[in-house]
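Read off the chains here:
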Amino acid sequence: MKNTRVLISGGSIAGPAVAFWLNRYGFDVTIVEKAREVRTGGQSVDFKGPTHHSVLQKMGILNAVKQASVADNDNTIINAKGRKIGVIPGAFSGGEINIPRGDLARIIYDLTAQTCEYVFGDSITTLAETADGIDVTFTHGAPRTFDIVIGADGIHSNVRKLAFGPESDYVSHLGYYYVLAGLDAGNDDVLYNEPGRMVGLGGPKAPAFFVFASAPLPPAHDDVNVQKQQVIDAYRGGAWRLPELMAKIPETSEFYMDSISRVTTNHYAKGRVALLGDSAYGNALGGFGTGLAVVGAYVLAGELSRADGDYAVAFARYEAKYRGYASVSQKINAGRLLAPRSRPGILGRNLLFTALKLFTPAMKAFGSPAKTSHSTTTPTSRRMTDRYGRPANPERRRAELKPLTTTQAREPS
Ligand SMILES: Cc1cc2nc3c(=O)[nH]c(=O)nc-3n(C[C@H](O)[C@H](O)[C@H](O)COP(=O)(O)OP(=O)(O)OC[C@H]3O[C@@H](n4cnc5c(N)ncnc54)[C@H](O)[C@@H]3O)c2cc1C
């Protein structure tokens, strides 16, 4: 096999998943991750449908993922006095398997830690393609040469910027930001809205979850203090417990903020460089990102192996097989559902979901796939029932992924 030296940028979900398969097929894999260690944190992410299930099984992690999975609780919608005014059914907000993102990241990292080279705390600075390979320089490490580079570094992908062009050509801001903050704020699965802003609380151990409407904010350049101030400004003058929650923001060490944005790419690959996961087809909080990353990793690595390392052939097949499947996530804007911009919008959303809740038992009686069959009820998962965070979006249910056929997503012989 040729072109066996592969560099992957990004050690979250897509990167380690493709590393697992490439290593199995005989490639030498290096992963460079800008964080100093595996990034845990985030809310639950979910897997839906037989293709997701089958790829997790082929990776040998289905049981571990199920063990770490959490229930899909309803969210009580409250008003400024804390009174219940509606409900978002858990059945509409998750998948068949819901797992805290950090637990999933840890499971896939553990699967690859002994067989792949991980370089934490570093980042690619330049990529220069030659006839024999691709020369890579790093912020800290010495320059190296690889045969293939995979950008699995998220919506704001560094590899995409270096190999394809500026972020503004590929990423659309959808008018909202989201924030996860460990505030030790109590309350189980409640959601409170004011026009253009939302907060969800899911118990003492779950991060508080904020979504607010905003035009693009000045770049924070990874400065968490700048981001914290941006959130505090966005929630100024709020009612309910917002003043108290905002007062806790400066002190928290668990903080993650990003825009709700969508990635649109005309091509997944250019020369020796391919994009995978959110860097290629991300749509923040759209509900499909993690499944698409894991299945995309399987397809991309499978094609590289099937083509004996001929990246041009493999990348073309990866894109031909995957673009249609990945497009499922592209229409959703979770911000609109989570933080409607007007009071009538909030009321309409509440009525819609409360009605859906009333119909859920009937749907279950008729064998609807809406409720999970894989959520575990271990003591751990009972403690971690923070299901408020997923966008409760019936569109996602309707858009249940069509399975890839065995020829589309097959393991190379
Ligand atoms: C800390 C964190 C929390 C998240 N929380 C949620 C959540 O609550 N709900 C949800 O739906 N989705 C969340 N996501 C996104 C979710 O993980 C992805 O949508 C999905 O799993 C696809 O994963 P991905 O690996 O393609 O991208 P991501 O998960 O975004 O991973 C990209 C990785 O690339 C790394 N990276 C970025 N730039 C560079 C660089 N220059 N050099 C090297 N590495 C780089 C990042 O540190 C990250 O580890 C979160 C992601 C992260 C990183």
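A brief look at the structure comes next. Predicted model only: the values in this text are computed from it and were never measured.

### Brief notes about the site of the ligand
Step number 1: Near the ligand there are 28 residues, and of these Ser12, Glu33, Arg39, Gln43 and Asp278 occur at the shortest range.
Step number 2: A distance of 2.7 Å separates an oxygen atom of the ligand from a polar atom in the side chain of Glu33.
Step number 3: Here Thr290 contributes a side-chain N or O atom positioned 2.8 Å from an oxygen atom of the ligand.
Step number 4: Considered on its own, the ligand offers 920 Å² of accessible surface; in the complex 92% of this is hidden by protein.
Step number 5: Mapped by element, the contributors of at least two residues to the shell around the ligand are strand E2 (28–33) and helix H9 (289–306).
Step number 6: The leading source of residues in the shell around the ligand is H9, at three residues.
Step number 7: Across the shell around the ligand, the residue classes tally to eight nonpolar, 12 polar and eight charged.

### Section: the sheet that holds strand E4 (residues 75–78)
In sheet architecture, strand pairing relies on hydrogen bonds along the backbone and comes in two forms, parallel and antiparallel.
Step number 1: On the basis of which strands lie adjacent, the open sheet formed by seven strands has the order E5-E4-E13-E14-E15-E12-E16 and mixed pairing. Looking at strand neighbours, the two that pair on one side only are strand E5 (84–88) and strand E16 (255–263), the edges of this open sheet. Averaged over neighbouring strand pairs, the angle between their axes works out to 25° when direction is ignored.
Step number 2: Of the strand pairs in this sheet, strand E12 (residues 171–181) and E16 are connected by nine bridges, and their pairing is antiparallel. From the neighbouring strand, Val171 faces E16, where its bridge partner is Val263.

Definitions and cut-offs
Residues numbered from 1 in each chain as written. Predicted model: local features only at pLDDT ≥ 70, side-chain atom pairs only at ≥ 80, totals over all residues. Heavy atoms only, no water. Near = heavy atom within 4 Å. Polar contact = N/O pair within 3.5 Å; in protein donor to acceptor, adjacent residues only side chain to side chain. Areas by Shrake-Rupley, 256 points an atom, 1.4 Å probe, with all protein chains shown as cover. Helix = DSSP H or I, 4+ residues; strand = E, 2+ residues; numbered from the N terminus. Nonpolar A, V, L, I, M, F, W, Y, C, P; charged D, E, K, R; others polar. Pairing = 2+ DSSP bridges. Axes fitted to C-alpha atoms, helices over the stretch in contact; angles between N-to-C directions.

Scope: geometric values only; no functional claims are made or implied.
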